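# Overview (structure and organization)
Residues per chain are reported as follows:
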Amino acid sequence: MLLSPSLLLGALLLGAPLAHAQTSTVITSPEPLPAAHDLPRVFLGGSIDMGNAPDWQKGMIEALGPDNVVILNPRRPDWNPKWRPEADEPEFRRQVEWELGALESADVIVLYFSPGSQSPISLLEMGLYARGGKLIVLCPPGYWRKGNVDITGARYGVEQVSSLPELIAAVKRRVPAINRAINRM
């Protein structure tokens, strides 16, 4: 295996074994979820707003790249805003069912409520998983329902952070414990 000089330097500085370079796998809706649950799964929920919100998932994917996790990304590159948000719309149903399955299988659910967005589905997802211990939430000032998110998060012990770098760090802190739990199964 031939490593670039920057990757080699990074591995040496971190004390990482070179023979075991790790990389994450990204599963984007509507790709099938992996059958085996042998790596931590991180769901990247939060502001998409039909593709109008900033692509914050891209930065999370890059940051989690070396952590050997399965990243579940609901932001579809082929999303068509003409699809009706109704149960009988096949691609809309496919998206919702993929998200529900990905949320259920995730070990960590990241929710980022982008300022200026509404993200009603992310609010729904927060309600579904507030009590489950899987959530890490970033809700900066400027999000239209920040008070609801903060109060609900405090009530149910949801981990909340105040910046994207803190969000990345919080996810990375959880990965080793999840790996230990998976390896004990």
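Check the entry above for the structure.
Because the structure is a prediction, the values reported are computed rather than measured.

Taken together, six strands build an open sheet; the order of strands is β1-β3-β2-β4-β5-β6 and the sheet is parallel. Two strands in the sheet have a free side with no partner beyond their single neighbour: β1 (25-28) and β6 (159-161). When strand polarity is set aside, the average angle formed by the axes of neighbouring strands in this sheet is 20°. Relative to strand β2 (residues 41-46), helix α2 (residues 56-64) is tilted by about 160°, and along the sheet it contacts β1, β2, β3 (70-73) and β4 (108-112). Sheet strands touched by helix α6 (residues 164-184): β2, β4, β5 (135-138) and β6. Its angle to β5, the strand with the most contacts, is close to 170°.

Glancing now at unusual backbone geometry. In the segment running from Ser-29 into Pro-30, the intervening peptide bond is cis, with an omega of 5°. Take Pro-30: it is sitting in the loop between β1 and β2. You will see that Asn-68, though not glycine, has its phi angle at about 55°, which is positive. Tracing the backbone shows Asn-68 in the loop between α2 and β3. Of note, the phi angle at Ser-119 is positive, near 50°, even though the residue is not glycine. Its place among the elements puts Ser-119 in the loop between β4 and α4 (120-129).

Take the packing of aromatic side chains next. Here the structure, examined in full by the defined rule, presents four aromatic pairs. Their ring planes at 70° and their centres at 5.4 Å tell us that Trp-56 and Tyr-112 sit as a pair that is edge-to-face. Taken together, the residues Trp-56 in helix α2 and Tyr-112 in strand β4 connect sequence positions 56 residues apart. For the pair Trp-56 and Tyr-112, a shared accessibility class is recorded, and that class is buried. Look at Phe-113 and Tyr-143: their rings are 4.9 Å apart centre to centre, the planes differ by 50°, and that puts the pair in the tilted class.

Take α2 next. Among the residues making up α2, those that are buried are Trp-56, Gln-57, Met-60, Ala-63 and Leu-64. Down the axis of α2, the smallest arc covering the buried residues is 125°, so these residues share one side. Among the exposed residues of α2, those pointing more than 90 degrees away from its buried face are Lys-58 and Glu-62. If you follow the buried residues of α2, they end up packed against β2, β3, β4 and α6.

About the thresholds
- Residues numbered from 1 in each chain as written.
- Predicted model: local features only at pLDDT ≥ 70, side-chain atom pairs only at ≥ 80, totals over all residues.
- Heavy atoms only, no water.
- Pairing = 2+ DSSP bridges.
- Helix = DSSP H or I, 4+ residues; strand = E, 2+ residues; numbered from the N terminus.
- Axes fitted to C-alpha atoms, helices over the stretch in contact; angles between N-to-C directions.
- Contact = heavy atoms within 4.5 Å.
- Phe/Tyr/Trp six-rings, centres within 6.5 Å; stacked < 30°, edge-to-face > 60°.
- Buried < 20%, exposed > 50% of the residue type's maximum accessible area, 1.4 Å probe, protein only.
- Arc of directions from axis to C-beta.

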